[in-house]
Structure formats: C-alpha cells, structure tokens
Amino acid sequence: QVQLVESGGGLVQPGGSLRLSCVASRTISSIYAMDWYRQAPGKERELVARITKYGSTNYVDSVKGRFTISRDNAKNTVYLQMNSLKPEDTAVYYCKAAGSAFIWGQGTQVTVSS
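Residues numbered from 1 in each chain as written. Predicted model: local features only at pLDDT ≥ 70, side-chain atom pairs only at ≥ 80, totals over all residues. Heavy atoms only, no water.

Could you give me a rundown of the pairing of strand S1 (residues 4-7), with the residues and numbers involved?
Burial along S1 is one-sided: Leu4 and Glu6 are buried, while Val5 and Ser7, pointing the other way, are not. Where S1 and strand S3 (residues 18-24) come together, four bridges link them in antiparallel fashion. Within S3, the residue paired with Ser7 across the bridge is Ser21. (Buried < 20%, exposed > 50% of the residue type's maximum accessible area, 1.4 Å probe, protein only. Helix = DSSP H or I, 4+ residues; strand = E, 2+ residues; numbered from the N terminus. Pairing = 2+ DSSP bridges.)

This is the structure:
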C-alpha cells in the first residue's frame with residue numbers, strides 16, 4: 001500500500017506561516033483525493049483541506065483564506081501552506097489518501113504559540 005510521510009511541522013508564532021509536506025511512496029495522481037486532517041488535544045479529528053485528482057479543493061470554514069492545499073504529482077507530494085496561523089490551529093496534522101482504502105500518515109505537530 002501507499003505510505004505517507006508528513007513533515008514541516010514545528011513551533012511558530014501567531015500570525016506566522018508553515019508549509020506542511022506529505023510525500024507518498026507511490027503516485028498520487030490516480031488517488032481520488034488527498035486530505036489534511038488535524039486533531040487538537042481533547043478535540044475530534046477534523047478535515048482541514050482536500051484536493052481531488054481533478055484539482056478541486058475544499059476547506060473547513062475556520063481556515064478558508066488562510067490555508068492552501070496543493071499537489072505536485074511529479075514529486076508524489078501534497079502540501080498545506082498555512083498562513084496567518086492562530087493558536088487554535090495548534091494540532092497534530094495528518095495526511096490522508098482517500099481512495100478505495102484510507103491511508104494515513106503518522107502526523108506532524110504544529111504548535112502556534114508565543
């Protein structure tokens with residue numbers, strides 16, 4: 001099965017930016033959708049952003065205008081550009097391949113704090 005590895009998380013101040021990467025072990029061009037989820041302590045895991053194989057994108061309302069999901073099929077990689085970060089964005093961010101089966105990465109920690 002495809003394996004996913006996230007990177008790019010870290011500590012950032014409010015208002016700052018981070019770019020998360022999710023590298024897949026196989027081509028992602030045929031996968032219906034690649035997603036970014038996040039889970040904060042004590043909170044439910046939520047879908048943050050999705051990009052389909054056709055290029056369509058969707059975002060949870062709380063990140064619209066701040067986050068951008070994109071992909072580079074040649075690099076088997078999806079990205080999540082996060083701007084104007086808020087403390088509420090603090091969470092473990094997970095990459096997910098959504099196709100016939102759901103494949104999850106291990107997650108990368110994003111902490112927004114002064």
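Got a sec to walk through the sheet that holds strand S8 (residues 77-82)? Specific residues and values, please.
Spatially, the four strands line up as an open sheet ordered S1-S3-S8-S7, and their pairing is antiparallel. Because the sheet does not close on itself, it has two edges, and the strands there are S1 and strand S7 (67-72). Ignoring strand direction, the axes of neighbouring strands in this sheet form an average angle of 15°. (Axes fitted to C-alpha atoms, helices over the stretch in contact; angles between N-to-C directions.)

So what's going on with unusual backbone geometry? Which residues, and what values?
At Asn76, a residue that is not glycine, the phi angle is positive and equals roughly 55°. Mapped onto the secondary structure, Asn76 falls in the loop between S7 and S8. Residue classification places Asn76 among the buried residues on the basis of a relative accessible area of 18%. For Ser84, which is not glycine, the phi torsion reads 50° and is therefore positive.

Quick one: what's the story with the state of the cysteines, residue by residue and with numbers?
Inspection of the entire model under this criterion finds one disulfide. Covalent S-S linkage joins Cys22 and Cys95, the inter-sulfur distance amounting to 2.0 Å. Taking the sign of the torsion about the S-S bond as the criterion, the disulfide between Cys22 and Cys95, at about -80°, is left-handed. Placement of Cys22 in strand S3 and of Cys95 in strand S9 (residues 91-98) is noted, with a sequence separation of 73 residues between them. Exposure class is identical for Cys22 and Cys95. Each is buried. (Disulfide = S-S within 2.5 Å.)

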